[in-house]
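Here is how the chains run, residue by residue.
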Amino acid sequence: MKAKEIRSSFLQFFADRGHEVVASSTLVPHDDPTLLFTNAGMNQFKGVFLGLEHHSYNRAVSVQKCMRVSGKHNDLEEVGKDARHHTFFEMLGNWSFGDYYKRESIIWGWEFLTRVMGLDPARLWVSVYKDDDESYGIWKDEVGIPPARIVRLGDIEKGDEENFWSMADTGPCGPCTEIHIDQGEAVKCSHPAGCAVGVCDCDRWLELWNHVFMEFNRQADGTLEPLPMKSVDTGLGFERLVSVMQGKQSNYATDLFTPLIDCMAGICGREPEGEDRISMQVIADHARACAFTVADGAVPSNDGRGYVVRRILRRAARHGHLLGVEEPFLYRIAEVVITEMGDAYPELVERRDRILQTIRQEEERFGRTLTAGLHVYGEIRDAMKAAGRTELSGEDAFKLHDTFGFPVDLTAIVAGEDGFGVDLDGFKACMQTQRAQSRRENTFMAGIGPWQAVAGGQGLGGYKARFVGYDQLSCDGRIVAVREAGEQADGQALCHVLADPSPFYAESGGQVGDTGTIRLSDGRELAVLGTVGAEEGAACVVAGDAAGILASLQKDPACRLEVDAGRRAGSMRHHTATHLLHAALRRVLGDHVEQAGSVVEPERLRFDFRHDKALGRDELARVEHLVNEEVIANRAVRRFDSVPIAEAKQRGAMALFGEKYGDTVRMIEIHGGPLLTAAAPEDSGPVFSLELCGGTHCLRTGDIGPFRIVSEGSVAAGVRRIEAVAGPSAQAVIDAEREQLRKITGHLRHDGPPLDEQTAALIRERDDLRRELARLQQDRAQASLDDVLAEPRQVGSFRVVSSLVPAETRDGLLKLGDHVRDRLGEGGVVVLGAELDGKATLLVTVTADLVASGAAHAGNLVKALAARAGGRGGGKPNTAQAGLPDRDALDRAIAAVDEVLAGE
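Residues numbered from 1 in each chain as written. Predicted model: local features only at pLDDT ≥ 70, side-chain atom pairs only at ≥ 80, totals over all residues. Heavy atoms only, no water.

### Side note on the sheet that holds strand β22 (residues 664-671)
Note the following rule: Should DSSP find at least two bridges between two strands, the strands are taken to pair. Where helices and strands are cited, they refer to DSSP runs of H or I of at least four residues and of E of at least two residues respectively, numbered from the N terminus. A fitted line through C-alpha atoms serves as each axis, taken over the contacting stretch for helices, and the angle formed by two N-to-C directions is quoted from 0 to 180°. By definition, residues are in contact when any of their heavy atoms lie within 4.5 Å.
Spatially, the 3 strands line up as an open sheet ordered β21-β22-β23, and their pairing is antiparallel. Unpaired on one side and paired on the other, β21 (637-644) and β23 (687-692) mark the two borders of the sheet. Strand-to-strand twist of the sheet, defined as the mean angle between neighbouring strand axes without regard to direction, takes the value 20 degrees. Summarising the sheet, β21 and β22 pair through 6 bridges and their orientation is antiparallel. Along β22, the bridge assignment pairs V637 with I670. Taken strand by strand, helix α16 (residues 565-589) contacts β21, β22 and β23, and its axis lies near 120 degrees from that of β23.

Below, the structure is given as structure tokens:
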């Protein structure tokens, strides 16, 4: 049975049993900061299990895209080495939200495997949690599995979580029962305690399907709180099931991977055998991972998810080099992924061009740095060998990472091939130092401690506070819970306060959280420093000790909550401007433009979007003009709450790819052009912008005020960034530009030609003078060498000129070197030193006959001279340069020329 048939059979089986077929959620979970990538099928239903979300269905089935590359589920290092490990994989799953429970889940699972898939019941074993007598009884009495093939495992009180499943350190969890298949004696292991279910982890007892019975919500302190309802979450490993159904001992031998491996074998001209087979398996896996993550909005970068994508892609590129492939190739494998899996995942086809372009650009970028990086690594390796060292230092590993984009695991691979280890702890220390220097720590992002309910006890048991901030900026409420939230840089303790109801908007969708005040019933006032999202509602970040605040609330939790109206107005202004900017970009550049990220603050906005080249001056002007036209039109910003998602999409609302949406959504609509009559309805004219959005917005576009784009640039392959300001912030920019222009015009003639022509004429005059000065300086430098050129030194077979020269620029120094070398004739070696912009620079150039005969190599010579003077350098055989610490180092290098040449 082909993989495509297995996937569709699973969905149909559960659809026939009343399950809603739910599309896979994105691999990039924008609404869950605890996850780098979606790593399980239940991620999109986490809020349902906690009782915080509700759907129109209580049974669901899906095939979920998953990635496991970090944290608890770190499989990256094992990819390609065995039959099972992958970065990207698919998880078949069915769910019950307070509907059926253990009996139906177990019986349907057995029926699908034995009747639909046709697996031999005698080969199937099951495991249950040690105290789960209900599951044990269903397997034994209703399914009919002999007790000898039912294994009890786990004991969470002793720290053994076998058959007790948790998505992470906190969150939904519960006992589970697993279905294993016996693949026979031929693949058994030699575990000291025996080869058996629950004892070893070999391929004989292959785990297929895990049925988790969600009963608890694990808190940060480890306590288990009952969930609002009992639910079922199952996960059936798709790749494993396909390998069993196709009679393969390796997932990589199935039709999920063989087209990709065959393609790579054709590209490199090698057979998939031995070490080459491992490399091809790595490439096949990583091509799938890159295609799906890029399709879901992640792009290669130097931090977060982007760094993981970059790391995976560059690991694949490295294995391509091991197969002898020097040109970009991974994008070709990704194209096969799109062809093979596009039917099941239409987003691959829709985003084909973006996927292939992003992967190819990253391959090309890495190709440019790989050669240079390997050259630097070679120098480090040679130095280690000379010093008798066996480990590459953390500083050197960091240099390769920071300067040449080498993921540290790639450095470890390259070093390992030469018999060296890598100081990973030292590397991590360097990374931490860089992060500390480059960005301030954000202490608002997560509460450290568990919620302490004002009514007493830990946790809130699925509580959800109301948000009323769309329609009011202040309200009376009560504080429900408090929790510790770390401290500020000055040591001031922070805590999160959960109030119900609350007008405070929590940071989400790029918009920063509100600030303001909370006045307690005892007269105490808490300054709200920010607001962050929590599963229970908007958590206000305040300075203070959680225990002290909690104590003051015991008598009366009532409070008055007031949002800083000025800051909220600024955020609203810039959020609505962001929608107009997005729409304007699509009109100017094309419908391929999609949002890739945003930041909305009271004073500014930042908008990342997908586009493959820089915007020209005219394009930026047209975009800015379109936005300001809509501002002047002063059209209503219309808000539609609780719109069914299908209706919103039918109306053409832009759903940001990768965002998670429920059954109903909030929609923001802005019509274009001015209202020409007072009687014209607000929905007259074409729609200019229509987006799904939960943020806060102006009532009318005129409330935005003037709009100015302040910068445009690249942030990643295929992603551009615009920074802009609106309202008072834009007016400040306009005022500054006007003042700057006034100062400039003060230096020009008011009765002369237009100001731009005067400015252009001054620039031309300046450039002419610079060229003339450079010519005079070059003549002076050449004249200073006339004496040494008249009588060059003879050092062995070399005719040598070495001197300090008064060169002003690097280009001037190179021209001077060429001039002296050409004057010397055959056998000539030129060594010149100069201070260029305060930097000591050494130049070596040799004549063509010495290069052809191999008698001299400029790169080796400059490296040797630089080493004598405490510098580093290198270059081509005919010309090379080195940087030295100071002027004294130049003197030492020049003085060592004869000695170094004598050793050539």
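Still more ground to cover, so stick around.
### A look at the state of the cysteines
By definition, a disulfide links two cysteine residues through a covalent bond between their sulfur atoms. Our working definition: Disulfides are defined as pairs of cysteine sulfur atoms found within 2.5 Å of each other. Three exposure classes are used, based on accessible area relative to the maximum for each residue type with a 1.4 Å probe and protein chains only: buried under 20%, partly exposed in between, and exposed over 50%.
According to the stated counting rule, one finds 0 disulfides in the structure shown. For the unlinked cysteine C202, the closest cysteine sulfur is that of C195, found at 3.6 Å. Its relative accessible area of 15% is what places C202 among the buried residues.

### What to know about the side chain of R218
Our working definition: Definition of a polar contact: a pair of N or O atoms within 3.5 Å, with one able to donate and the other able to accept a hydrogen when the atoms are protein atoms, and with sequence-neighbouring residues admitted only if both atoms are side-chain atoms.
With respect to the secondary-structure elements, R218 resides in strand β8 (residues 205-218). Given a relative accessible area of 12%, R218 falls into the buried group. A polar contact is formed between the side chain of R218 and the side chain of E161, at a distance of 3.0 Å. Not counting chain neighbours up to four residues away, the residues in contact with R218 comprise E161, F164, S166, D169, T170, G171, C173, T223 and L224.

### Some words on the layout of surface pockets
Filter applied, for reference: A cavity, in this analysis, means grid points on a 1 Å lattice covering only the protein atoms where a 1.4 Å probe fits yet has no way out; a pocket is instead an open set bounded by protein on both sides within 12 Å along at least five of seven lines, and a residue lines either one if it has an atom within 4 Å of a point. Grid points are joined across faces, edges and corners, and a volume is the space filled by probe spheres set on the points. In this classification, Asp, Glu, Lys and Arg are treated as charged, Ala, Val, Leu, Ile, Met, Phe, Trp, Tyr, Cys and Pro as nonpolar, and every other residue, Gly included, as polar.
If you add up the space inside the second largest pocket, you get close to 1,400 Å³. Lining the second largest pocket are 47 residues, and of these R68, E178, D201, E207 and R240 lie nearest its centre. Tallying contributions element by element places β8 first for the lining of the second largest pocket, with 6 residues. Here the residues of the lining of the second largest pocket are counted per class, giving 19 nonpolar, 14 polar and 14 charged.

### Overview of unusual backbone geometry
Of note, the amide linkage connecting D500 to P501 takes the cis form, showing an omega dihedral of -5 degrees. Even without glycine at this site, N163 takes up a positive phi of about 60 degrees. Turning to its location among the elements, N163 is positioned in the loop between β5 (150-153) and β6 (164-166).

### Quick look at the sheet that holds strand β28 (residues 828-836)
Here we have 6 strands laid out as an open sheet, ordered β26-β27-β28-β29-β31-β30, and mixed in their pairing. The outermost strands of the open sheet, each flanked by one partner alone, are β26 (793-795) and β30 (872-875). Sheet twist, expressed as the average angle between the axes of neighbouring strands with direction ignored, equals 25 degrees. Contacts from helix α22 (residues 810-824) reach β27 (798-804), β28, β29 (839-846) and β31 (879-884) within the one sheet, and its direction differs from that of β28 by about 160 degrees.

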